[in-house]
Each structure stands twice: as C-alpha cells, then as structure tokens.
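Chains, contacts and geometry: an overview
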Amino acid sequence: MGSFGKDQVLMGSTQKDEIFIKVHGPIIVGAGPSGIAVAACLKENGIPSLVLERSDCIASLWQYKTYNIVKLHLPKKLCELPLLGYPKNFPTYPTRDQFIAYITAYADHFKIKPMFNQTVESAVFEFERGVWRVKTQDSGYESRWLVVATGENAEALVPEIPGLETFEGPLLHASEYKNGYEFKDKRVLVVGCGNSGMEISLDLCNHKAIPFIVLVDKIILSITKHILGDIDKFGIRRPKTGPMELKLTSGRTPVVDVGALSEVVEQGVKEISKNGVKLMDGQELECDCIVLATGYKSNVPSWLKGCDFFTDKGIPKTPFPNGWKGENGLYAIGFTNRGLFGAAYDATRIGKDINKEWWAMDDFEFEFPSY
C-alpha cells in the first residue's frame, strides 16, 4: 500500500490492459468559463484539479464560435466569475474581445493550466473502487470527483426543418458566422430571432446584405412598448416581467434590440426549398444563403455513461438552484440556462462542497490491485 500527500496531482494505476492516471483532486471536463471558475474556487482553497479540454484554448466557444460584434447581454456585474471581477475600465457590456481578455487573465491569475486537445470519450463511476474513470483519446484518468463543465452550449443545435437538406446555397450555423462582409448584396435568410438572430441580421444590414428573419419558436422580445410599439404583428409576444427578472427567475435570455427589429422580421417558416423558404401563409421568399441562429445543445449523453443525473438531452434533472450536485462525487456546472451568472453560482457551491470533503480526509491512500 502506498500513501501520497494531497499536493500530488497525478500517479498511475493499472487495470488489466488499461492504465488510469490517478488524479489527487477533481477531474473537470471542459475549460470554458464554468470549468475555469470551478478550478479557481478549488485552487483558492489549496485543492488541485485536472481540467480536460477538447479544444486548444480556454473558452473556445467565445474564441472560435462567436461573431465579431457579440457583447455580453447582461451587465458585467451579473457576469463576473468568483474571486476576480472585470477591470474597472471595461464598459457595462464588455465586448467579445474584452471577455476573452478577462477569462484569459482569470486563468492566468489562478494558474489554471488545462490539458488541451483532450476529447473525453467516456466517463463512468466504478462502484467497487469508488472512483470516476475518464477516458480521452490519449489517456485514462480516475478521481473521487468528476465535474461536468461542458455546459449547455457544447454543440450547435440544428433543428429539423422540412426541406433543409434540399437548399442549394451556402448553409451555416451562427457558430460559423463572423461578420457580414462576404454577404454584401446577398439575400440572407436568418432562422431564429433570439439575440444571435437579431444581432447577425443587423450586422448583415450594416454590411449591405439583405437579411430577413423567420421564427422557429416563441422567443420573445423584452423591450418597452413605447420604444418599439406593437410587436404582436411580428408574432413576438411581450413578457410580463422585466429582462433582469426574466433571466434570473426563468433562465430565459431576453432579446436585446440592437436595431434589427427596425429592419425586417418575417413570420414562421414552414419549409425550406432549394432556393429559399416557404412561409406559413404560403408566401415564398428566395434567398442566396441561410444562417441558422438556432442555439446550442449539451453533449453530455455522448460520453457520460451509466448515470441518471442528466436527462436524455444532457441537462440535470434537478432544476436550478439545486442542479449542481449529484451522487458519488458528481457535479455539474454551466447547465442553469443562466449564463455566466449561473456558472459563478454553481462554481462557488461546488468549490465549497469539495473543500469540506477534501480537508476532512486523511492523506490519500490507494491499494494497487494485482492483475
């Protein structure tokens, strides 16, 4: 039997023909803001962790899959990660580049060094040994704790729209859109009227493209009536609560009008044709390309095995504010539908919970089985 101090992070063990590296601290899957925030809360209390990230950088969604004009949609005070706020000279609504600078400085401050280019292929709890075993394409790891920090925005969500596969022009998801420069003088169909759809449409207008938006659900605009007037004619219902209350109580993000509503909003889409779209009233509109501003989804079901903590859509079954902790050392962060505010809330609680267990234990001791 070997005894190892808590300041050691990794060591190896074997099971049959597989090698698992023992992690003296939690395994965190995902180096987005959620994963980095948990690692920081642990580090602040002297607890090491291993952060596994499939991309080659932290906050890859922000760095690689956001359009150039995106900003935080809530004031920075509601979007701070634990223990370190934004620079005082940042505006109320930081830009994409400012947020990337913030999260990079945050990771540097707490000396968080993820293992990049590590795609988690499976994670399963081994009841006999009481550990989580996590496999990437390169290695295997095991720990008493597993933090699922891949979040609700891990993969692009492409809805099932009749005829979508028949469209003959360029088709891209909002995660692939950067700016409207290449779309000058083109008719662009934007599917979805959330913040992404509205902002992309305005950006297209500013680059002299001709966008039109079609609705695929009942996303609503939380903007005062005296500014916008009657928006019912666009099929958009006005909420009864203000934008802050809407976000904090329901998790739904209010649509912030950045000028797109004054351009063009069409009604619901019925189906896509090879050169355009058919609307609910039978009208047909031609377009040169389509942008799907239809959001994202979780990828947890593809790699977390033998666990009923998550739904089949990869979201914790227990709603906010109690969906951050499962059984057997399992934690979840980034699934509150409350963005950075929810991530900060969960990171603080996860850090405190693991901290209590960590310092209540004696030095780690592992017995190596013989195979």
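Per an unreviewed UniProt entry, the chain carries the name indole-3-pyruvate monooxygenase and comes from Cynara cardunculus var. scolymus. In its Catalytic activity (unreviewed entry) section, the UniProt record describing the chain reads: "indole-3-pyruvate + NADPH + O2 + H(+) = (indol-3-yl)acetate + CO2 + NADP(+) + H2O". Checking UniProt for the chain, the heading Sequence similarities (unreviewed entry) contains the comment "Belongs to the FMO family."

Here we come to the overall build of the chain. Along its length, the chain carries 7 helices and 20 strands. Taking the contacts inside the chain whose residues are at least 6 apart along the sequence as the reference set, 64% of them involve residues at least 24 apart. With an accessible surface of roughly 18,100 Å², the chain has 50% of that area assigned to carbon and sulfur atoms.

This paragraph deals with the pairing of strand 13 (residues 210–215). Taken across its 6 residues, strand 13 has 5 buried, putting it largely inside the fold. Judged from the 5 bridges that link them, strand 12 (residues 187–191) and strand 13 form a sheet pairing that is parallel. Its bridge partner being in strand 13, Leu189 is matched across the sheet by Phe212. Note on the crossover from strand 12 through helix 4 (residues 195–206) to strand 13: the handedness is right-handed.

On to the packing of aromatic side chains. For the structure shown, the criterion picks out 15 aromatic pairs. Each ring, one from Tyr102 and one from Tyr106, has its centre 6.0 Å from the other, and the planes form 55°; the classification is tilted. With a gap of 4 residues between them, Tyr102 and Tyr106 both fall in helix 3 (residues 96–109), about one helical turn apart. Grouping residues by exposure puts Tyr102 and Tyr106 together as buried. The interplanar angle of 90° and the centroid separation of 4.9 Å between the aromatic rings of Phe125 and Phe127 together place this pair among those described as edge-to-face. With relative accessibility at 13%, the residue Phe125 sits in the buried group. Residue classification places Phe127 among the exposed positions, given a relative accessible area of 63%. Cation over ring: Arg133 sits above Phe20, and NZ or CZ is 4.2 Å from the ring centre.

Quick look at the packing of helix 1 (residues 33–44) against helix 7 (residues 339–360) now. Contact pair helix 1 / helix 7: the axes reach a minimum separation of 8 Å and the direction vectors enclose 35°. Here helix 1 runs over helix 7; the crossing is right-handed. Contacts from Pro33, Ser34, Ala37, Val38, Cys41 and Leu42 in helix 1 reach Leu340, Ala343, Ala347, Thr348, Ile350, Gly351 and Ile354 in helix 7. Of the residues belonging to the contact of helix 1 with helix 7, the class tally is 10 nonpolar, 3 polar and no charged.

Position of Lys274 relative to the elements: it lies in the loop between strand 14 (265–273) and strand 15 (276–279). Sequence spacing of Lys274 and Cys287 is 13 residues, and the spatial spacing of their C-alpha atoms is 9.5 Å.

A separate point is unusual backbone geometry. Cis geometry marks the peptide bond from Phe320 to Pro321, where omega comes out at 15°. Mapping Pro321 onto the fold places it in the loop between strand 18 (296–297) and strand 19 (330–332). Phi angles above zero are rare outside glycine, and Ala59 is one such case at about 50°. Relative to the assigned elements, Ala59 resides in the loop between strand 5 (50–52) and helix 2 (60–64).

Taking 1.5 Å of rise per residue, the 22 residues of helix 7 would be expected to cover 32 Å, and the 32 Å separating its terminal C-alpha atoms lies within 8% of that figure. If you check which residues of helix 7 are buried, you get Leu340, Gly342, Ala343, Ala344, Asp346, Ala347, Ile350, Gly351, Asp353, Ile354 and Trp358.

The strand order across the open sheet formed by 4 strands is 5-4-9-19, and the pairing between neighbours is parallel. The open sheet terminates on both sides in strands that have one partner only, identified here as strand 5 and strand 19. Pairs of neighbouring strands in the sheet enclose a mean axial angle of 20°, with direction left out of account. Pairing between strand 4 (residues 27–29) and strand 9 (residues 146–148): 3 bridges, direction parallel. Across the sheet, the residue bridging to Ile28 is Val147, located in strand 9. Packing of helix 1 onto the sheet brings it into contact with strand 4, strand 5 and strand 9, and relative to strand 4 it is tilted by some 160°.

Here we come to the pattern of salt bridges. Under the defined criterion, the tally for this structure stands at 8 salt bridges. The salt bridge involving Glu155 is made with Arg54; its shortest N-O contact spans 2.8 Å. With a gap of 101 residues between them, Glu155 in strand 10 (residues 155–156) and Arg54 in the loop between strand 5 and helix 2 connect regions that are remote in the sequence. Between Glu126 and Arg129 there is a salt bridge whose closest N-O contact spans 3.7 Å. Residue class for Glu126 comes out buried when judged on its relative accessible area of 18%.

Moving on: the environment of Asn117. With respect to the helices, strands and loops of the structure, Asn117 is situated in the loop between helix 3 and strand 6 (120–126). Placed 64 residues apart in sequence, Asn117 and Glu53 show a C-alpha to C-alpha distance of 6.0 Å. Residues in contact with Asn117, not counting those within four places in the same chain, are Glu53, Arg54, Ser55, Asp56, Gln137 and Asp138.

What counts as what
- Residues numbered from 1 in each chain as written.
- Predicted model: local features only at pLDDT ≥ 70, side-chain atom pairs only at ≥ 80, totals over all residues.
- Heavy atoms only, no water.
- UniProt positions renumbered as here; feature names shortened; annotations may be inferred.
- Helix = DSSP H or I, 4+ residues; strand = E, 2+ residues; numbered from the N terminus.
- Contact = heavy atoms within 4.5 Å.
- Areas by Shrake-Rupley, 256 points an atom, 1.4 Å probe, with all protein chains shown as cover.
- Buried < 20%, exposed > 50% of the residue type's maximum accessible area, 1.4 Å probe, protein only.
- Pairing = 2+ DSSP bridges.
- Right-handed = clockwise from strand over helix to strand, strands pointing away.
- Phe/Tyr/Trp six-rings, centres within 6.5 Å; stacked < 30°, edge-to-face > 60°.
- Lys NZ or Arg CZ within 6 Å of the ring centre and 35° of its normal.
- Axes fitted to C-alpha atoms, helices over the stretch in contact; angles between N-to-C directions.
- Left-handed = near helix turned anticlockwise from the far one by under 90°.
- Nonpolar A, V, L, I, M, F, W, Y, C, P; charged D, E, K, R; others polar.
- Expected span 1.5 Å × (residues − 1).
- Salt bridge = Lys/Arg side-chain N within 4 Å of Asp/Glu carboxyl O.

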